[in-house]
Amino acid sequence: PEKGINMMLRAARTGRSTLPIKIAGAGPMEDSVRAAADNGQVDFLGGKSSSEVHQLLRGARVLIVPSIWHEAGVPLVIGEAYSAGVPVICCRIEPMVSVVKHEENGLVIEPNDENALVEAINRIHADDKLHEEMSRNARMTYERLYQPEPNIQQLLKVYTDAEAHRRGIASR
């Protein structure tokens, strides 16, 4: 439930999404997702390897990360989507909103709001100019945050700050 799959299933049940809702992965909600797929409400793709996820993202208009639980870190799939220039729809929770910027590289909705999810999906589907801009910005976000050099610089800053903090405590 914390991954927000229930919200995706409720959104699919409305029948108002103008894009097919495809769900990849395996987990405790798998029986519910299979039932929705059997009813024609979603496409259930099952568990996928990393290379299969990359292939799916290359053909995707948008990635939905509906988690309603505060994650320990940004889900890897967001970086994978951005590397493919795919905008992300996510719920307004940390740490997702630290990288998904509303109307810049994705859309941010309130948790558990299936109507907002359907509206976001339909907006990205209908507005080619917005989609193109968010796709470009998604790729730029990937270049800025997920390439080795920026990550090395961020890690060095953490070490430098930690050392400065340690010295400050030691000198007291």
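On a predicted model such as this, the values are computed, not experimentally measured, just so you know. (Residues numbered from 1 in each chain as written. Predicted model: local features only at pLDDT ≥ 70, side-chain atom pairs only at ≥ 80, totals over all residues. Heavy atoms only, no water.)

### A word on the environment of G40
With respect to the helices and strands, G40 occurs in the loop between α2 (30-38) and β2 (43-46). For the pair G40 and I23, spaced 17 residues apart in sequence, the C-alpha separation works out to 13 Å. (Helix = DSSP H or I, 4+ residues; strand = E, 2+ residues; numbered from the N terminus.)

### Re unusual backbone geometry
In this chain, E94 is followed by P95 through a cis amide linkage whose omega measures 0°. Mapped onto the secondary structure, P95 falls in the loop between β4 (88-91) and β5 (106-109). Phi is positive for E103, which is not a glycine, with a value near 65°. The residue E103 is located in the loop between β4 and β5 in this model. What makes E103 partly exposed here is its relative accessible area of 37%. Unlike most non-glycine residues, N112 shows phi in positive territory, near 65°. As for its position among the elements, N112 is in the loop between β5 and α5 (114-126). Take N112: its relative accessible area is 40%, and that puts it in the partly exposed class. (Buried < 20%, exposed > 50% of the residue type's maximum accessible area, 1.4 Å probe, protein only.)

### A short note on the packing of helix α4 (residues 76-83) against helix α6 (residues 128-145)
Between α4 and α6, the shortest axis-to-axis distance is 7 Å and the interhelical angle comes to 120°. Between α4 and α6 lies a crossing whose hand is left-handed. Across the interface between the two elements, G79, Y82 and S83 of α4 pack against A138, R139, T141 and Y142 of α6. Considered class by class, the residues forming the contact of α4 with α6 number three nonpolar, three polar and one charged. (Axes fitted to C-alpha atoms, helices over the stretch in contact; angles between N-to-C directions. Left-handed = near helix turned anticlockwise from the far one by under 90°. Contact = heavy atoms within 4.5 Å. Nonpolar A, V, L, I, M, F, W, Y, C, P; charged D, E, K, R; others polar.)

### Considering the pattern of salt bridges
Oppositely charged side chains can pair when the atoms bearing their charge come close. Applying the stated criterion to the full structure yields eleven salt bridges. Here E110 ties to R92 by a salt bridge, and the two come within 2.6 Å at their closest N and O atoms. With E110 in the loop between β5 and α5 and R92 in the loop between β4 and β5, the pair connects residues that are 18 residues apart, well separated along the chain. Residue D161 pairs with K157 through a salt bridge whose shortest N-O separation is 2.7 Å. Taken together, the residues span about one helical turn, with D161 and K157 both in helix α7 (residues 148-170) at a distance of four residues. What makes D161 partly exposed here is its relative accessible area of 40%. (Salt bridge = Lys/Arg side-chain N within 4 Å of Asp/Glu carboxyl O.)

Such coordinate-based values are descriptive only and should not be taken to indicate function.
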